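Okay, here's what each chain looks like letter by letter:
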Amino acid sequence: MLLSLTACAEKSASTNLFAMDTYMSLTAYGSNAQTALTDASRRINELERMLSRTVAQSDVSKLNESRRAAVSDETATLLGDALQYAAKTDGAFDVTIAPIVNAWGITSDTPRVPDSDEIAALLTHVGSSHVHLDGNAVTLDEGCAIDLGGIAKGYASDCVASIFADYGITSGCVSLGGNVYVCGNKPDGDKWLVAIQDPQGDDYAAMVALSDAFAVTSGGYQRYFTAEDGTVYQHIIDPKTGYPVQSDLLSVTVIADNGTMADAYSTALYVMGERGAIDFWRANADRFDVVMITTDGRLLYTPNLQDQITEPEGTTYDFQVIDR
């Protein structure tokens, strides 16, 4: 996602960092802008040290290694939220997918295609029933491991929003990889313009005008590898099959007032495919809006976005409103 910024005389500050395996950019306007960004950057790095399964002493790494750990209040709360989102999406979002993600290694330096027997064996360890959470005490069943990477950046954006509020920031924008948070309106009073990347090119597929909102995009086009036989495997794994998702969607963007939820649901809806995603939105239409790009060239969006979405000139996508 890209953000449309405009110059303004109001005091502003910007910063960039690499954390949680992605490049991040943050901009804030106001007298406390620089202090807010300093605290936000510190907070993001703190969350990475706590939640990343690739950081040796993180809560998640210690839990995966020993299968039993007393984690921080924050980790326990986020894990509880993740388990709730898994239940709500019927397992389309599932943090226990970690062993299968490791087996494929699609985002690593050594991706491979596991054989069907290996995948079948690993699937027996996938599912929220293998996670036992009692306050701060967490126990994992044998063979189970968790990965909060599918929800951590969304949670980080919620934390940044809280920091902005603490410092009285009423205008700002944050891009944490595919996770975008816009605070208030732009300094000139207009809404922020969030560009949804075209998954089939370098341009954007649509522009959405947003204020005080989180927008998170998931899609198989972002990371993938090509096997020796020429088959392309994208990085999002279906927790039910153990294989990379074969979706009729190219990307899903969830827009909501909660970054953690938007992060979880964007992945889940991509896994569900068009029909499942639409049914899920209809059952939860008061919680979020969505923009979906299909493999057959349609760009679908929810009715609340009708006055906020803009078609780029010369677009080849067929823009359609999703019926309630």
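The structure this text deals with has already been given above.
A quick note: this is a predicted structure, and the numbers were derived from the prediction, not measured.

**Observations regarding helix α2 (residues 59–66)**
In step 1: All buried positions along α2 are accounted for by D59, V60, S61 and L63.
In step 2: The inward-facing, buried residues of α2 contact α1 (33–51), β4 (68–70), α3 (73–88) and β6 (137–140).
In step 3: Looking at the residues trailing α2, positive phi occurs at R67, about 65 degrees.

**A short note on the packing of aromatic side chains**
In step 1: Scanning the model with the defined rule gives 10 aromatic pairs in all.
In step 2: Note on W104 and Y243: the rings are 5.8 Å apart at their centroids and 70 degrees apart in plane angle, and the pair reads as edge-to-face. A residue pair is termed long-range when its members are at least 10 positions apart, and W104 in helix α4 (residues 98–104) and Y243 in the loop between β13 (232–234) and β14 (249–256) qualify at 139 residues.
In step 3: Classification of W104 as buried rests on a relative accessible area of 1%.
In step 4: Seen from their ring centres, Y181 and F214 are 4.7 Å apart, and the 25 degrees between their planes marks the pair as stacked. Of this pair, Y181 sits in strand β8 (residues 179–184) while F214 sits in strand β11 (residues 213–218); the two residues are 33 residues apart in sequence, bridging distant segments of the chain. Residue Y181 shares its accessibility class with F214, and that shared class is buried.
In step 5: What links up through ring pairs into an aromatic cluster is the set Y85, Y265, F280 and F288.

**As for the pattern of salt bridges**
In step 1: Per the counting criterion, the structure on display carries 11 salt bridges.
In step 2: The shortest N-O distance in the salt bridge between E274 and R298 comes to 2.7 Å. In this pair, E274 sits in helix α7 (residues 259–283) while R298 sits in strand β16 (residues 298–301), placing the two residues 24 residues apart along the sequence.
In step 3: Residue D279 pairs with R282 through a salt bridge whose shortest N-O separation is 3.9 Å. Taken together, the positions of D279 and R282, both in helix α7 and three residues apart, correspond to about one turn of that helix.
In step 4: Using a relative accessible area of 40% as the deciding quantity, one classes D279 as partly exposed.
In step 5: For R282, a relative accessible area of 35% corresponds to the partly exposed category.
In step 6: In the salt-bridge network here, residues are joined through shared partners; they are R43, E46 and E74.

Rules used throughout
- Residues numbered from 1 in each chain as written.
- Predicted model: local features only at pLDDT ≥ 70, side-chain atom pairs only at ≥ 80, totals over all residues.
- Heavy atoms only, no water.
- Buried < 20%, exposed > 50% of the residue type's maximum accessible area, 1.4 Å probe, protein only.
- Helix = DSSP H or I, 4+ residues; strand = E, 2+ residues; numbered from the N terminus.
- Contact = heavy atoms within 4.5 Å.
- Phe/Tyr/Trp six-rings, centres within 6.5 Å; stacked < 30°, edge-to-face > 60°.
- Salt bridge = Lys/Arg side-chain N within 4 Å of Asp/Glu carboxyl O.

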